[in-house]
Amino acid sequence: MRVSSTQPDTLSTGGHSASNSMDSSATRPYSVATGASEAFDELLKQCKGQIPKEFGSYSGNVTFVPSNHGDQVYFPSPCREQDAIASIKALEACAAAAIGDLRHGKNSRSIKVDLDKAACFLMSAYLATIDGKRKGQTPKGLIPDTDFNQAQSIQYRRLSANLYETKEDGRYYHIHGSLDATTQLRMIGLPPFNPRLTDYQKCIDTIEAAVKRFTVAELEDMNSKHGQAGVEALKWENFLETTHGKVISALPPFTVKAIKVQQTTVPETPPHTPTETNFQSHLWPKMPANVSQYALRGIKVIEMCRVIAGPTIGRSLAAHGAQVLKVTGPKLPDVPFFQVDVNTGKHTTHLDLRNQSDLKTFQNLLAEADVLIDGYRPGALAKFGCDPQSLAKLAQQRGNHGFVYVAEDCFGGTGVPGAEWAGRRGWQQIADCVTGVAWAQGQFMGLENEPSVPPMPMSDYGTGALGCVAAMAGLYQRETKGGSWMCRTSLCQYDIFLLKLGMLPLQEQERLRTVFAGPFFKLRHYDSVDKVSGEALKAMQRAYPHLFGPDLMLKAKSKGFNGKDIRWPKEAIEVEGLLIQHVRASRPNGFDRPGWEGWETDLIMDGEVDLAEDNAVFTNTSVTPAPREEQHQQQAGSGSMNSVPQRRNRIATMNTVLATA
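Each residue is numbered by its place in its chain's sequence as written, counting from 1. For this predicted model, a pLDDT threshold of at least 70 governs which residues receive local features, and a threshold of 80 or more governs which side-chain atom pairs are given and counted, while totals over whole chains, interfaces and linings are taken from all residues. Only hydrogens and water are removed before side-chain values are computed, so all heavy atoms of the structure are retained for them.

A. Structural view of the nonpolar core. By convention a nonpolar core is built from buried Ala, Val, Leu, Ile, Met, Phe, Trp, Tyr and Cys residues, the set being connected through side-chain atoms within 4.5 Å. Only protein chains enter the area calculation, which uses a 1.4 Å probe; residues under 20% of their type maximum are buried, those over 50% are exposed, and those in between are partly exposed. Among the nonpolar cores identified, the biggest contains 137 residues, and Phe64, Leu91 and Leu317 are the most heavily contacted of them. Helix numbering and strand numbering both begin at the N terminus, where a helix is a DSSP run of H or I of at least 4 residues and a strand a DSSP run of E of at least 2. Per-element tally for this core: the top contributor is helix α3 (residues 81-104), with 14 residues. Of all hydrophobic cores here, the second largest spans 26 residues; its members include Val327, Tyr376, Leu381 and Trp596.

B. Representation of the sheet that holds strand β18 (residues 573-575) in the model. Overall, mixed pairing links the 3 strands, which are arranged β3-β4-β18 in an open sheet. For this open sheet the edge positions go to β3 (62-65) and β18, each flanked by a neighbour on one side alone. Taking each pair of neighbouring strands and ignoring which way they run, the sheet shows an average axis angle of 20 degrees. For strand β4 (residues 111-114) and β18, the ladder comprises 3 bridges, and the chain directions are antiparallel. Residue valine 113 lies in a different strand from β18, and its bridge partner there is isoleucine 573. Strand pairing is defined by DSSP finding a minimum of two bridges between the two strands. Here an axis means a line fitted to C-alpha atoms, over the contact stretch when the element is a helix, while the angle between two N-to-C directions is reported on a 0 to 180 degree scale.

C. Representation of the environment of isoleucine 573 in the model. Looking at the secondary structure, you find isoleucine 573 in strand β18. The sequence separation of isoleucine 573 and leucine 115 amounts to 458 residues, and the corresponding C-alpha distance is 9.1 Å. When checking whether two residues touch, look at their non-hydrogen atoms; a contact exists if any pair is within 4.5 Å. With near-sequence residues (within four places) excluded, isoleucine 573 lies in contact with Lys89, Glu92, Ala93, Lys112, Val113, His320 and Ile580.

D. Just unusual backbone geometry, in detail. If you check the backbone angles, alanine 181 has positive phi at about 100 degrees while not being a glycine. In this fold, alanine 181 is placed in the loop between β7 (172-176) and α7 (182-187). Residue classification places alanine 181 among the buried positions, given a relative accessible area of 1%.

Quick look at the structure:
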């Protein structure tokens, strides 16, 4: 497979210019492998200064591997989502390789990124199943109901989180009732419940009529007053003109910084350099020689997050062997089905931190932890000692065994001068609307001057992948430089990285319009993310059934879900000499006792199932995990991969003719 040698043309999308990965006049189909390699170069450039040089030194060992079904775009979106996520997963693999060298000895490890598995990662919540049932199919009682405020189960309340036109023609605002909806609905003059209103379109018409009574400025003022999430849908160029947009677009996709605290009398743990002879780790937990080699085995992570983006950081760290304990309150609402996906590999426990006994238990857990993941609004957890300064001081008290604090939020920019929206509430759709992703989606769908939320929670998963890399960078720095580290990323930072890559070439967008012709392209701005994702999913099942088959999935019986079979996508990356796979199935929030000892390991199997069929059934086949016996051909070279000849070496060659549709 070759990279196009023609001069890239320029495509103007949403007011900004982007270089296409391929000449739009060429007959060669768009290559995700080529696009991913280019995106990886861009990611390395943007993250320079945030990652250890040892991560970048592995970039020359990366191979992007398409399947024999084709090297192509699968999602009905103009954005280079698959390129972006494959590049982030490649950097995650480089991080694992560098950490593996620290812990298990220097070894020039080959790295593979499976492009189909990376695509599955972007829609993992729609591929995961419990007892053969996917999202939207589960009968009542199969999953514990954490939708305490009926913000998901009642359609009228669910649509309080949606995109609507305002009083001003051509200006759209995404209101968001979050995990409640009562305040949001009352704010726009509607009752919090309306049992007679059950029809989808009538719900939309009712809520949009209420929103259209207000200007954008009025909605902004009300949101601020009532503490609600919500934002105007901006085009990319308009976002870059905002104060926050100017500041946040100048940041890298994630930041990793040492936490500065006043030094106590306890001596600092002396730093190590990874090139030392007979390097002995100070902070990595000691592992028996016969234990499988995971990059993060023994690392203890406390996860304080809900929904998708934050929990995806924890899920990804768990795949590298970390012990991830998700802590939620017993009365804290969450989306029930998402737990089937994002709780994979973890333990989950309930603690009410307003209760002194539970707070003490939490503090005991925290005292032993290495990483804390904070997925709440900036500063919300500080009162419980879960802010960078408090954690760094706690690290000093325990002998300078440093903490890695990882924060994920919507708008980004916490602590950065001029980032005026840093403290605002937000979710995936909010970020997609404010940065310009929604306007790009609407343009692709042929809507006349209308934005549209994109299908699938792709920004959520992309942000979670960035957070995983940031956490691994923080752990590496803790080991080699000492001290505690603060890592930050956000949904907006992921979207900015995505949009800076440019749109797909016009001919590729046209191909996707042909593949997805039908109901998907009849959707409007007001159609919900559930509706948009549902129509996209049905079309993808028809066009690309292999994405929903058994080869890309794992399964195990979940003790937390009463022994039911859980299935989820396989990890997208392979690193020579390391294991990257979860050791336990998902469970609901609050299932486990709060502790670090006695964690079980499940029997993980390949799951023979075809999700393209409604009545999916698993057949037990080969048992995993086990170290892969096959060795990967090592790619020559290391360091930056910025030239076209070097990029070619990253892309796996194939002897099959690649399908294009």
